[in-house]
Amino acid sequence: MLPLYPIEYYEFFVKFNEGDYYTCHDLLEEIWMTDKQNLFLKGLLQMTVALYHYGYGNVKGARTMMKAGKVYLKSYEPSYWGINVNEVQWFIDQCLQRMPAEVDRVPFEEIDQLPELPSLILYLEE
């Protein structure tokens, strides 16, 4: 029998794969608010917030959130709640490598000049 997760968790996968990181944050936060000890959710939250920030030119905020997400997810390797956490960590590392270290913020009109981040398709492995 497959484990049952909160409905918001399943919805998170759809929204993440669509690139709707703002909604991802809302969905994960709803679950996390009832289980604040679950640092796995907090790590995913930080990662999605980072992607959202980067998409609006807040590079410094994106770097900070990605690094925090990586730390929170570390103890959940290699997999947790049906996600390949090692793959997520690799994705975070790739994003951090592509985010320009010398840039804190760019105007929204210039975000297309930022390096494109890699893509990640999330799915339940169970």
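Residues numbered from 1 in each chain as written. Predicted model: local features only at pLDDT ≥ 70, side-chain atom pairs only at ≥ 80, totals over all residues. Heavy atoms only, no water.

Asker: It is not clear to me how empty space enclosed by the protein should be interpreted in this structure. Could you clarify?
Answerer: Over the atoms, a rolling probe the size of a water molecule traces out where space has been left empty. Per the counting criterion, the structure on display carries 1 cavity of 30 Å³ or more. For the largest cavity, the calculated volume is near 50 Å³. Every residue lining the largest cavity is listed: Gly82, Ile83, Asn84, Glu87, Val88, Ile121, Leu122, Tyr123 and Glu125. Partitioning the lining of the largest cavity into residue classes produces 5 nonpolar, 2 polar and 2 charged. (1 Å grid on protein atoms, 1.4 Å probe; cavity = no way out; pocket = protein on both sides within 12 Å on 5 of 7 lines; lining within 4 Å. Points joined across faces, edges and corners; volume = space filled by probe spheres on them. Nonpolar A, V, L, I, M, F, W, Y, C, P; charged D, E, K, R; others polar.)

Asker: What am I meant to see in helix H5 (residues 85–98) here?
Answerer: In this model, H5 (14 residues) spans 20 Å end to end at C-alpha, consistent with the 20 Å of a helix rising 1.5 Å per residue. Taken as a whole, H5 has its buried residues at Val85, Val88, Gln89, Phe91, Ile92, Gln94 and Cys95. Residues of H5 that are buried make contact with helix H3 (39–55), helix H4 (59–74), strand S1 (79–80) and strand S2 (83–84). For H5, the N-terminal capping position is held by asparagine 84, with its side-chain oxygen 3.1 Å away from the main-chain nitrogen of asparagine 86. (Helix = DSSP H or I, 4+ residues; strand = E, 2+ residues; numbered from the N terminus. Expected span 1.5 Å × (residues − 1). Buried < 20%, exposed > 50% of the residue type's maximum accessible area, 1.4 Å probe, protein only. Contact = heavy atoms within 4.5 Å. Polar contact = N/O pair within 3.5 Å; in protein donor to acceptor, adjacent residues only side chain to side chain.)

Asker: Help me out: how do you make sense of the layout of surface pockets in this one?
Answerer: By volume, the largest pocket amounts to about 230 Å³. Lining the largest pocket are 15 residues; nearest its centre among them are Tyr21, Leu51, Leu117, Pro118 and Ser119. Secondary structure elements with two or more residues in the lining of the largest pocket: helix H1 (7–18) and H3. Among the residues forming the lining of the largest pocket, the class breakdown is 9 nonpolar, 4 polar and 2 charged.

Asker: How do you make sense of the packing of helix H2 (residues 21–32) against H3 when you look at a structure like this?
Answerer: Axes are the key here: two packed helices are described by the angle between their axes and the distance separating the axes. Running from amino to carboxyl end, H2 crosses H3 at an angle of 160°, the nearest separation of the two axes being 9 Å. Taken as axis vectors, H2 and H3 run roughly antiparallel relative to one another. Between H2 and H3 lies a crossing whose hand is left-handed. Within the contact between the two elements, H2 uses Tyr21, Tyr22, Cys24, His25, Leu28, Glu29, Ile31 and Trp32 and H3 uses Leu41, Lys42, Leu44, Leu45, Thr48, Val49, Leu51 and Tyr52. For the contact of H2 with H3, the residue count by class is 12 nonpolar, 2 polar and 2 charged. (Axes fitted to C-alpha atoms, helices over the stretch in contact; angles between N-to-C directions. Parallel < 35°, antiparallel > 145°, perpendicular 65-115°, else oblique. Left-handed = near helix turned anticlockwise from the far one by under 90°.)

Take it as geometry only, folks, not as evidence of what the structure does.
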